[in-house]
Each structure stands twice: as C-alpha cells, then as structure tokens.
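Structural overview
Here's the letter readout for the chains.
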Amino acid sequence: MGAVTDDEVIRKRLLIDGDGAGDDRRINLLVKSFIKWCNSGSQEEGYTQYQRMLSTLAQCEFSMGKTLLVYDMNLREMENYEKIYKDIENSIAAAHEKIAECKKQILQAKRIRKNRQEYDALAKVIQRHPDRHQTLKQLEALGKELQHLSHIKESVEDKLELRRKQFHVLLSTIHELQQTLENDEKLSEAEEASDIPMEAEDKQ
C-alpha cells in the first residue's frame, strides 16, 4: 500500500469528528457518563459521573459558543470585504473619469499649441507693417496671450502628471489589497490545518 497523504488523514479525522471540534467525542463521553451515572452503585461514584457530565456539557457549550463567534466574525469579514470591493469599483470608475478628463485636457493643450503657432505666424506678418507703434502694441498683446497659454499648458501638464500618479497609486493599492486577501485566506487555511492535529492529540 502507498503512503497515506495528509489530505486523506485530515479527511478521515473530519469524518470521525464531525466538524473537527471534537463534538462527537464529547457527546459519546456524555452518553457513557450518563449510562455510568444511571448504573452507579454508590453515591460517590454517582457524584463523580455527575461531575464528568457537567464538565462535558460545559465543553460542548464552550465549543458551540466559539463556533458562533467564528461564524459572526466571518459574516462581518464578508460584509467588510464587500464594502472594500464596492469602494474599489467606485475608485476605478472615478479613475476612468479622471483619465477621460485628462484626455480632454491633452486635446485642449494641443489646440493651444496650434493656436500659439498661428499666433507666431501672425506676429511675423505684423512685424512687416510700417506702423511700428501699433505693431509693438500688437506684439505685446500677443506676448501676453502666449504667456497665458503657456501657463495653461503647464497647468494642464501638471494635472495630467498628477492624475497619472494617482492612478498608479490606485492600482498599487488594489494589488496590495488582493495580496492581503490571498494572504488572509492562506493564513486561515494554515490555522485550520494546524488545529486538526491538536484536536487529534486531545482525542488521544
């Protein structure tokens, strides 16, 4: 026969022990204690069996309470994970909206650049006019407009860079959250696997 795997051992123990909390063993002990108590020949022996029954009942109640606490905790964790999942979805939707807005700002920046090139060409034409004073005024106005457009472009580029950084942080946060959920699941599985050998030792 081949070597028995850990999964087979765990499966057999769960089949024998119900949910793995030792309840079946405790119930069997309670029934045996009750039978012994009914058949006790002396008061001292009856009192001993009575105390054993009380102890076993207390263990069963404690196990049941512990199971209920774990169940409630799992429900709260599920609700918390659902909330986090919804928050992530909302954040992703907001990020898509910001990206769309950034694309619009990029198009605006391109239009600004095109306008600036047109203004440069117009400035060259104006410089050919004989009225120097009027030409200087026009050039001054064009210079202010170009400076204003440059500020707008810089502002748009700064906003775009900020949106890129925010989106990168959001993706990193999502990745870390996924990793945390996977680690929590692995840790929970490891704790359940480590509890089973301890319960097997209790049975012995």
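Residues numbered from 1 in each chain as written. Predicted model: local features only at pLDDT ≥ 70, side-chain atom pairs only at ≥ 80, totals over all residues. Heavy atoms only, no water.

Let us now look at the UniProt feature "coiled-coil region" (unreviewed entry) in the protein chain. Residues annotated by UniProt as "coiled-coil region" (unreviewed entry) correspond here to residues 78–105. Spanning residues 78–105, this segment combines 100% helix with 0% strand, and its end C-alpha atoms are found 40 Å apart. (UniProt positions renumbered as here; feature names shortened; annotations may be inferred. Helix = DSSP H or I, 4+ residues; strand = E, 2+ residues; numbered from the N terminus.)

Attention now moves to the nonpolar core. Judged by nonpolar contacts, Ile88, Ala95, Leu170, Ile174 and Leu177 together constitute the single largest core of five residues. Within the residue set of this core, elements represented by two or more residues are helix H3 (43–126) and helix H4 (132–203). Sorting elements by how many residues they give to this core places H4 first, with three residues. Each residue touching Ile174, except ones within four places of it in the same chain, is listed here: Ile88 and Ile92. (Core = buried A, V, L, I, M, F, W, Y, C linked by side-chain atoms within 4.5 Å. Buried < 20%, exposed > 50% of the residue type's maximum accessible area, 1.4 Å probe, protein only. Contact = heavy atoms within 4.5 Å.)

Turning next to the side chain of Gln105. With respect to the helices, strands and loops of the structure, Gln105 is situated in helix H3. Gln105 sits in the buried class, given a relative accessible area of 12%. Excluding its chain neighbours within four sequence positions, the residues that come into contact with Gln105 are Val156 and Lys159.

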